Amino acid sequence: MKKFLFKISLYIIGVLLIFGILGSFADGNTDDNYMHFAVKKPQNIVLGDSRGAQAVLPELLSQKLGKEFDNFSLNVVQSPYGGIYYKALQRKLDPETKNGLFIVTVDPWNVSLDKNIKKESDFPEEHSPLKNMHFYDLSPNYEYLLKNYSRSWFKLYAEREAAGKSSTYLHKDGWMEVSVNMEKDSVAKRETEKVNFYRDLAKKQHISPTRIKALQDIIAFLKSKGTVCLVRIPASEKIMEIEKTYSPEFSETMKHIALKHGIHFFDFSSKGNEYQYTDGNHMYKESGKVFTAQIADSILGKTKNLK
């Protein structure tokens, strides 16, 4: 019996050792979220959905503003403005932050909700890793892998960054780098799909008072930690037309919120045609560099004593 238990113990130790080694290969290729939970807690942060994740490059912000940034934007299903995102932000942000700079990106969709949803327990982000994660600064983060990584752990090694970056690569600073075919026909096809998606979404959703309140709660929380800037990220002309019909007063609402909280609102919604998009909704990475520089310049033009 003792020999049997000894063999079982050795087997368990061996399995744990293998999984421990495999987990150490988790990186920006693992999935679209892992790196958000595997870096030190930031004092300067970018919030939003997938538009923000792809359009705002922390490295460029750092170069122009003299502060290290982290982009904590996931996507419209996992990180819309709400109680879960708010609580996650409180866990993510360095608790010692006193003079931070926070860029809160908005579009109509990250403050919207399905018209048929009445209870917060039915909100889509209830299934987000932001809901079940406790540790946000462990590397490797085995909590994340155990709770939120459903693929074989052997793929962590086989698909590691050293073998080549994936088409959706999440940098350590939270920037989602997307590499896709940018030929005209490919872009047009993806844009058509997005336009159809948002037309359908506009029929099902509405601007949510609960999400608007959460956005303001987040702004108030961040104001106690530093300087907050509200930024509206544009999309292609076709997507922006849908947004104008869906929520014609959206920019005015954001302007009102900014005035109420004494923060700056930078509205780029009229400049959509100045950028290139991978699918009409998300900025191509080269345009993201231009857009990020414009955000930084806007902040420098309005905000003093950042450092």
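Below is a short write-up of the structure. Note that the structure is predicted; figures quoted are calculated from it, not measured. (Residues numbered from 1 in each chain as written. Predicted model: local features only at pLDDT ≥ 70, side-chain atom pairs only at ≥ 80, totals over all residues. Heavy atoms only, no water.)

### Quick word on the layout of surface pockets
Rules: A cavity here means a set of points on a 1 Å grid, drawn over the protein atoms and nothing else, where a 1.4 Å probe fits but cannot get out; a pocket is an open set with protein on both sides within 12 Å along at least five of seven lines, and a residue lines either one if it has an atom within 4 Å of a point. Grid points are joined across faces, edges and corners, and a volume is the space filled by probe spheres set on the points. Numbering goes from the N terminus for both helices and strands, where a helix is a DSSP run of H or I of at least four residues and a strand is a run of E of at least two. Residues are grouped as follows: Ala, Val, Leu, Ile, Met, Phe, Trp, Tyr, Cys and Pro are nonpolar; Asp, Glu, Lys and Arg are charged; all remaining types, including Gly, are polar.
Here the largest pocket defines a volume of roughly 300 Å³. Residue lining of the largest pocket: 19 residues in total, with Val-76, Val-77, Phe-197, Leu-201 and Gln-205 positioned closest to the centre. Sorting the residues of the lining of the largest pocket by element identifies strand S4 (112-114) and helix H8 (184-204) as the ones contributing at least two each. For the lining of the largest pocket, the element with the highest residue contribution is H8, accounting for four residues. Along the lines of polarity and charge, the residues of the lining of the largest pocket split into ten nonpolar, six polar and three charged.

### Overview of the side chain of Asn-110
Basically, it comes down to this: Pairing of N or O atoms within 3.5 Å defines a polar contact, subject to two protein rules: one partner must be a possible hydrogen donor and the other a possible acceptor, and residues neighboring in sequence count only if both atoms are side-chain atoms. Whether two residues touch is decided by their heavy atoms; if any such pair falls within 4.5 Å, the residues are in contact.
Note that Asn-110 resides in the loop between strand S3 (100-106) and S4. A distance of 3.4 Å separates the side chain of Asn-110 from the backbone oxygen of Thr-105, its partner in a polar contact. Sequence-distant contacts of Asn-110, that is, excluding residues within four places in its chain, are made with Gly-48, Asp-49, Val-76, Pro-80, Tyr-81, Thr-105 and Arg-211.

### Side note on the sheet that holds strand S8 (residues 226-232)
Hydrogen bonds along the backbone pair up the strands of a sheet, which may run parallel or antiparallel. Cut-off, in case you're wondering: We treat two strands as partners when DSSP finds at least two bridges between them. Interaxial angle, 0 to 180 degrees, is taken between N-to-C directions of lines fitted to C-alpha atoms, where a helix line uses only the stretch in contact.
Strands sit in the order S2-S1-S3-S8-S9 across an open sheet of five strands; the sheet is parallel. If you trace the sheet from one side to the other, it starts and ends with strand S2 (70-71) and strand S9 (264-267), each paired once. Of the pairings in the sheet, the one linking strand S1 (residues 45-47) to S3 comprises three bridges and is parallel in character. Residue pairing for S3: Leu-47 is matched across the bridge by Val-104. Helix H11 (residues 250-261) rests against S3, S8 and S9 of the sheet, and its axis sits at about 160° to S9. Along the sheet face, helix H12 (residues 285-302) touches S3, S8 and S9 and points at about 145° away from the line of S9.

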